Structure formats: C-alpha cells, structure tokens
Amino acid sequence: MFLGNNVKVHGFDMGHERPWKGFGYDIMIANQANRSGAVINSTVGDANSYVARLMFDYTELLHTEISYAISENAGGIASHPNSGGVDTEDYKSLNFGIDSHFLDGANVKFEYYDSENLQGEKGWDESTMAFTATYAFNNYIEPAFKHIQGSAERGGVSTKLGNTYVGLNLYISPFDGKMDRSSKRKRNAHRMQFDYVIASGDTEGANQWNGLKGYKDDGFLLQYQLQF
C-alpha cells in the first residue's frame, strides 16, 4: 500500500518474493496453533487463535514486519482429558523481523520473538533472537551461518541457550541461473544441507535449558530436500 505499485496478492504467496514497495498487513482468525510446540492438547473447535501483522517492503533490499499472536487455551480447555480439568492460559507472542537480499546472492535476516505462557502454563516464558546470513557464490554453492539465542523462565528458574550453525547448502539441480528471491526459492528442490551446530549456555547441570526445543549438545546435521 501507499507507494503506487498496486501489487495483487493471493493466498499462495510465500516469502514476499515479489519486488514490491510499500506497506502491507495480514489479519487472521483460525483454530488453535497446534502446529506450534507452544500449543498442546488442542482439538479443532475447542478455541481460536488470532494474528495481526504489519509489514513494510522496499524491493528485495528490505522486508520488515512486526506481529502479535494469541492462541487461546494453549494447554487445552477444561474438557480436554489432558488439561487437568481447567481452561489453561492463552499463549501470546510478539514477533519482529527484518530481511534483506542484496549483492545478487547475499541474504541477511534478524528475528526476535517474545512469548508468554508456553503450552498454557502461566509464567513459562521465552524470548528468542536469531541472526542468519547466507551468500550464494554461484548456482550450486551457498555457505550459511545462523545463531539462535534463547532465554527462558519456568517456575522461577531462568536459563539461557545458544545454538550456532555453520553450514553449507549444495543445490544439485538449480532451477535457473537467476538470483532473485523467487528463483532462489525454486532452487530449494534437490538441495543438500550440511550444518555443524555448536551449543552454548545452560547445556548441563541442575539448571539446564528449560525452554522449548534447542540443541544442548554439539552435532552434525545432514538434510536432503527433495522439493519446496
């Protein structure tokens, strides 16, 4: 909106591939967010989730967004057999992100999440920051770096966890030689991804990481992606 390009948008758009300029917004009312690890014991029709997001784009050089989401009764409603006979707390999350594609192959991204009442448990909160950088030297080779830093509090105990990924993406059968965002996404078919993960923070001892997910040990990851 507002910068005159009047781009048409439909429900199958992904990743803001189009090089548009201006503001945009999304509003959603849906079932509980049971695809998230922060929501459990959900059944269709039990409760709702609500999301509002505001975005600003200036071609592929800049995409930024801020959103706020609520998933009601994130640990289940009172009638659910695993909820303990009570309506559990709502999961709430504030998100901010900024993304830039530049230099005909480079990408940097920053994301921040601040979440409350994980899995409907009052006072189980977590905040997470993630920084990602990639650079495609050519159509086949793309080194990647990512660091995720989390802070969590549960039952009055605060912990921290960091995961640093040093990786390499190999595109076995590139879709084409273009470096725009849409073409790069199409090349994700037949991709090999290698990562070495370095874990830091509260990885052992009595007060280990008490947030959702995350690696507490170093390790190698290997993934083959057939299609995207």
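Before reading further, recall that the structure is shown in the block above.
Summarised in this report is the structure supplied together with it. Not measured: the values here are computed from a predicted model.

## A short note on the sheet that holds strand β4 (residues 91-102)
Sheets are built from strands paired through backbone hydrogen bonds, the pairs being either parallel or antiparallel.
Step number 1: Taken in spatial order, the 10 strands of this open sheet run β1-β2-β3-β4-β5-β6-β7-β8-β9-β10, and their pairing is antiparallel. Each of the sheet's edge strands pairs with one partner strand only, and the pair in question is β1 (21-31) and β10 (219-225). The mean inter-strand angle of the sheet, taken between neighbouring strand axes irrespective of direction, is 15°.
Step number 2: Two elements, strand β8 (residues 157-171) and strand β9 (residues 191-201), share 11 bridges in a ladder whose sense is antiparallel. If you follow Gly162 over to β9, its bridge partner there is Ser200.

## Considerations on the pattern of salt bridges
Step number 1: Within this structure, the stated rule accounts for 3 salt bridges.
Step number 2: Note that Arg53 and Asp26 form a salt bridge whose closest N and O atoms lie 2.4 Å from each other. With Arg53 in strand β2 (residues 48-58) and Asp26 in strand β1, this residue pair connects regions lying 27 residues apart in the sequence.
Step number 3: According to the relative accessible area criterion, Asp26 is partly exposed, its value standing at 33%.
Step number 4: Arg53 is the salt-bridge partner of Glu65, the closest N and O atoms lying 3.2 Å from each other. Taken together, the residues Glu65 in strand β3 (residues 62-71) and Arg53 in strand β2 connect sequence positions 12 residues apart.
Step number 5: Given a relative accessible area of 14%, Glu65 falls into the buried group.

## Examining the packing of aromatic side chains
Step number 1: Enumeration over the complete set of coordinates arrives at 3 aromatic pairs.
Step number 2: Judged by centre distance (4.8 Å) and plane angle (55°), the ring pair of Phe23 and Phe56 falls under tilted. Remark: Phe56 occurs in strand β2 and Phe23 occurs in strand β1; sequence separation between them is 33 residues.
Step number 3: Between Tyr196 and Phe220, the aromatic rings sit 4.8 Å apart at their centres with planes inclined by 50°, giving tilted as the arrangement. Of this pair, Tyr196 sits in strand β9 while Phe220 sits in strand β10; the two residues are 24 residues apart in sequence, bridging distant segments of the chain.
Step number 4: Looking at Arg154, its charged tip hangs above the ring of Trp124, at a distance of 3.7 Å from the centre.

## Digging into the environment of Tyr68
Step number 1: In this fold, Tyr68 is placed in strand β3.
Step number 2: Its relative accessible area of 39% is what places Tyr68 among the partly exposed residues.
Step number 3: Leave out the neighbours within four places in its chain, and Tyr68 touches Tyr50, Val51, Ala52, Lys92, Ser93 and Leu94.

## Some thoughts on the pairing of β2
Step number 1: Of the pairings in the sheet, the one linking β1 to β2 comprises 11 bridges and is antiparallel in character. Each residue of the ladder has a partner; that of Met28, found in β2, is Val51.
Step number 2: Across 9 bridges, the pairing between β2 and β3 is antiparallel. Its bridge partner lying in β3, Val51 is registered against Ala69.
Step number 3: Hairpin remark: β2 followed by β3, antiparallel, with 3 residues in the connecting loop; positive phi at Thr59, about 55°.

The rules behind each value
The residue count restarts for each chain, going from 1 along the sequence in the order it is written. For this predicted model, a pLDDT threshold of at least 70 governs which residues receive local features, and a threshold of 80 or more governs which side-chain atom pairs are given and counted, while totals over whole chains, interfaces and linings are taken from all residues. Hydrogens and waters are ignored; side-chain quantities use all the structure's heavy atoms. Any two strands are treated as partners once DSSP identifies two or more bridges connecting them. Helix and strand assignments come from DSSP, with helices taken as H or I runs of at least 4 residues and strands as E runs of at least 2, each series counted from the N terminus. Under this scheme, a helix contributes an axis fitted over its contacting stretch, all axes are lines through C-alpha atoms, and angles between N-to-C directions fall in the 0 to 180 degree range. Only one rule defines a salt bridge in this text: a Lys or Arg side-chain nitrogen within 4 Å of an Asp or Glu carboxyl oxygen. Partly exposed residues are those whose accessible area sits between 20% and 50% of the maximum for their type, while under 20% is buried and over 50% is exposed, using a 1.4 Å probe and protein chains only. For Phe, Tyr and Trp, where Trp contributes only its six-membered ring, two rings pair if their centres lie within 6.5 Å, and the inter-plane angle classes them as stacked under 30 degrees, edge-to-face over 60, or tilted in between. Here, a charge over a ring means that NZ of Lys or CZ of Arg falls within 6 Å of the ring centre while also lying within 35 degrees of the ring normal. Should any heavy atoms of two residues lie within 4.5 Å, those residues are counted as being in contact.

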